[in-house]
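Understanding the architecture of this molecule
Letter by letter, the chains look like this.
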Amino acid sequence: MKKALITGITGQDGSFLAEFLLARDYEVHGIVRRASTFNTDRLDSIYADPHEQGSSLHLHYGDVTDGAALRHVIKKVQPDEIYNLAAQSHVRVSFDQAEYTADVVATGTLRLLEALRDYAGSAGRRIRFYQAGSSEMYGATKPPQNETTPFYPRSPYAVSKVAAHWYAVNYREAYKLFICNGILFNHESERRGETFVTRKITRALGRIKLGLQKKLFLGNLDSRRDWGFAGDYVEAMWLMLQAPEPDDYVVSTGESHSVREFLNLAGEYCGLDWTQYVETDPRYFRPTEVDYLMGDSSKARRMLDWKPKVRFEDLVRLMVEHDIELAQQELTLATAGHKVVVRGMAHG
Ligand code: NAP
Ligand code: F7E
């Protein structure tokens with residue numbers, strides 16, 4: 001039985017990856033941050049009480065800002081594969097929390113690579129490491145973007161991801177470690193955090209449709225993104241680590257759409273004219289925007305035999321259907337007298 005260790009297991013991708021690996025008979029270990037409230041909601045469908053025998057999912061407290069804790073967990077788990085998905089992953093928030101973002105995204109990766117380096121020397125087998133890179137690293141570079149396109153990051157988040165990318169390349173070359181950088185373009189799902197634009201839209205339109213919300217405040221509607229489905233993208237992460245040699249790969253659909261186009265389609269699926277409900281709020285603008293991302297993933301398609309299965313239209317539909325259902329549940333609660341809170345963060 002192979003063992004995998006996932007940082008960021010409680011996030012969107014971490015939860016899909018954990019399910020994917022459990023279905024392939026892996027023993028899955030995840031690093032979870034201590035929080036005052038439960039932060040394991042996305043793992044509910046696979047979570048097992050630690051007092052019950054036989055579960056293949058194990059959670060450990062840890063944080064990528066705490067190198068000693070990372071080493072302890074790695075020593076205890078002895079993983080065959082490590083997936084580094086932990087991040088302060090919100091681009092707009094990274095302008096407000098630049099130092100923290102660098103500590104988690106860039107230096108956090110370095111801490112984990114240092115822990116890998118020590119562990120790999122004593123493990124007696126080749127440990128495989130996945131680094132979660134991002135299309136944000138291309139920033140202002142013109143599309144289509146592939147593995148040879150120069151990086152031009154436009155936010156503290158993106159700069160930190162570029163640093164993490166080069167740390168990973170350097171540790172691969174310097175210490176002959178099996179490390180892959182996945183350069184993933186935006187990928188979404190019904191588990192996407194609610195302050196990212198796709199989910200913010202589907203969540204709000206679902207509520208507006210059922211009369212639970214009146215307005216949706218957004219920023220720049222003209223930026224274009226290459227949006228895929230998170231479930232497809234975690235398969236690419238795993239495939240990279242099964243290849244004979246480590247390498248870097250772009251993972252994308254090759255299609256790009258504007259935020260406005262996403263709204264058009266989501267509005268159509270909801271039966272709503274979104275222009276009546278959406279207002280611009282400049283607080284959601286970024287000091288430096290990434291205008292146009294569209295990935296060329298031909299290398300991953302050729303070398304890993306990977307391709308996305310869920311198309312843009314199906315992605316929007318599945319998110320809309322999920323969020324109408326969620327709004328329906330909220331309506332039931334509201335009708336029974338419970339307060340429904342529409343949460344919105346200042347910069348989400
Ligand atoms: P996400 O939903 O924001 O999840 C981030 C995960 O990192 C969460 O589990 C979070 O824990 C954890 N985390 C944050 N700070 C941490 C810290 N200091 N120590 C340990 N864990 C920490 O992100 P995602 O969409 O799943 O993305 C996964 C990875 O891929 C991230 O590195 C992201 O930057 C990168 N990426 C994402 C996309 C995309 O479109 N989704 C595209 C390219 C790259 P909590 O649950 O406690 O907050
Ligand atoms: O913004 C615009 C915003 O926050 C997409 C992360 O997973 O993907 C994600 O980063 C676009 C931007 O994602 C709002 O200005 C308009 O142009 O959903 P987003 P992102 O910045 O592309 C990459 C690949 C990652 O690596 C990141 O971790 O939508 N936009 N109005 C808005 N964005 C948000 N969040 N909120 C708005 O109200």
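We now turn to the structure provided with this report. Keep in mind that what you see is a predicted model, and the values were worked out from it rather than measured.

1. Notes on the site of ligand 2
In the neighbourhood of ligand 2, 24 residues make up the surrounding shell, with Ser89, Ser134, Ser223, Arg286 and Glu289 lying closest. A distance of 2.6 Å separates an oxygen atom of ligand 2 from a polar atom in the side chain of Ser134. At 2.9 Å from a nitrogen atom of ligand 2 is found a main-chain nitrogen or oxygen belonging to Thr195. About the coverage of ligand 2: the protein hides 96% of its 700 Å² of free accessible area. Those elements that place two or more of their residues in the shell around ligand 2 are helix H6 (197-209) and strand E8 (216-218). Residue composition of the shell around ligand 2, by class: 8 nonpolar, 10 polar and 6 charged. The residue makeup of the shell around ligand 2 includes at least three contributed by each of domain 1 (3-189 + 226-251) and domain 2 (197-223 + 256-292 + 311-335).

2. Quick notes on the packing of aromatic side chains
Counted by the stated rule, this structure contains 10 aromatic pairs. A network of ring pairs unites the aromatic residues Tyr138, Phe151 and Phe185 as a single cluster. In this arrangement the basic side chain of Arg128 is found over the ring face of Phe178, its NZ or CZ atom lying 4.1 Å from the centre. Its guanidinium or amino end placed over the ring of Phe196, Arg192 lies 4.0 Å from that ring's centre, counting from NZ or CZ.

3. Side note on the pattern of salt bridges
One side chain can pair with another of opposite charge once the charged atoms of both are near each other. Per the counting criterion, the structure on display carries 24 salt bridges. Close ionic contact of Asp222 with Arg260 constitutes a salt bridge, the shortest N to O distance being 3.0 Å. Of the two residues, Asp222 sits in the loop between E8 and strand E9 (224-225) while Arg260 sits in helix H8 (residues 259-270), which places them 38 residues apart along the sequence. In this structure Arg260 comes out as partly exposed when scored by relative accessible area, which is 34%. Residue Arg311 is joined to Glu255 by a salt bridge in which the shortest nitrogen-to-oxygen separation is 2.7 Å. Of this pair, Arg311 sits in the loop between helix H9 (298-303) and helix H10 (312-335) while Glu255 sits in the loop between strand E11 (248-251) and strand E12 (257-258), and the two are 56 residues apart along the sequence. By relative accessible area, Glu255 is classed as partly exposed at 25%.

What counts as what
Residues numbered from 1 in each chain as written. Chains lettered and ligands numbered in written order. Predicted model: local features only at pLDDT ≥ 70, side-chain atom pairs only at ≥ 80, totals over all residues. Heavy atoms only, no water. Near = heavy atom within 4 Å. Polar contact = N/O pair within 3.5 Å; in protein donor to acceptor, adjacent residues only side chain to side chain. Areas by Shrake-Rupley, 256 points an atom, 1.4 Å probe, with all protein chains shown as cover. Helix = DSSP H or I, 4+ residues; strand = E, 2+ residues; numbered from the N terminus. Nonpolar A, V, L, I, M, F, W, Y, C, P; charged D, E, K, R; others polar. Domains from an automatic or database assignment. Phe/Tyr/Trp six-rings, centres within 6.5 Å; stacked < 30°, edge-to-face > 60°. Lys NZ or Arg CZ within 6 Å of the ring centre and 35° of its normal. Salt bridge = Lys/Arg side-chain N within 4 Å of Asp/Glu carboxyl O. Buried < 20%, exposed > 50% of the residue type's maximum accessible area, 1.4 Å probe, protein only.

Function cannot be read off these values alone, since they describe shape.
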